Amino acid sequence: LIEIRLSSLLGLCQEHPQVFQFFFFNIADHLNAMLERVENLISLKPEERVQYLINHKKELLASIPQKYLADYIGITPVSLSRLLKKINGD
């Protein structure tokens, strides 16, 4: 993790166009991810959100505790556990 003051970063961006490109594309990626998450929270039912997580964010299922995943997709940990069992056929 690197922490840089915004004013210093903007100065670097003026001096080095490749720093600006990195900064810009990184912000664009984060905004796209946030928009995708918000759209999913609004438009998908809880079971569909869990299915989306399984299909598109499988690495998160293996590396993040379920209580945080549940919060990420806007449901309770108990609901996530039940939906995962239902989807997996247990």
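Going by the structure above, here's the rest.
Residues numbered from 1 in each chain as written. Predicted model: local features only at pLDDT ≥ 70, side-chain atom pairs only at ≥ 80, totals over all residues. Heavy atoms only, no water.

## Concerning helix α6 (residues 77-88)
Given 3.6 residues per helical turn, the α-helix brings residues three or four places apart onto the same face.
Thought 1: If you check α6, its first and last C-alpha atoms are 16 Å apart, about what twelve residues at 1.5 Å a residue would give, namely 16 Å.
Thought 2: L80, L83 and L84 are the residues of α6 that are buried. Buried residues of α6 fall within an arc of 100 degrees about the axis and therefore sit on the same side. Seen from the open side of α6, the exposed residues pointing more than 90 degrees away from its buried face are R82 and K86.
Thought 3: Residues of α6 that are buried make contact with α3 (46-56) and α5 (66-73). (Helix = DSSP H or I, 4+ residues; strand = E, 2+ residues; numbered from the N terminus. Expected span 1.5 Å × (residues − 1). Buried < 20%, exposed > 50% of the residue type's maximum accessible area, 1.4 Å probe, protein only. Arc of directions from axis to C-beta. Contact = heavy atoms within 4.5 Å.)

## Considering the nonpolar core
Thought 1: One finds V50, L53, I54, L60, L69, A70, I73, I75, L80, L83 and L84 forming the largest nonpolar core, which totals eleven residues.
Thought 2: Ignoring any residue separated from it by four or fewer positions in sequence, one finds L84 in contact with V50, I54 and Q66. (Core = buried A, V, L, I, M, F, W, Y, C linked by side-chain atoms within 4.5 Å.)

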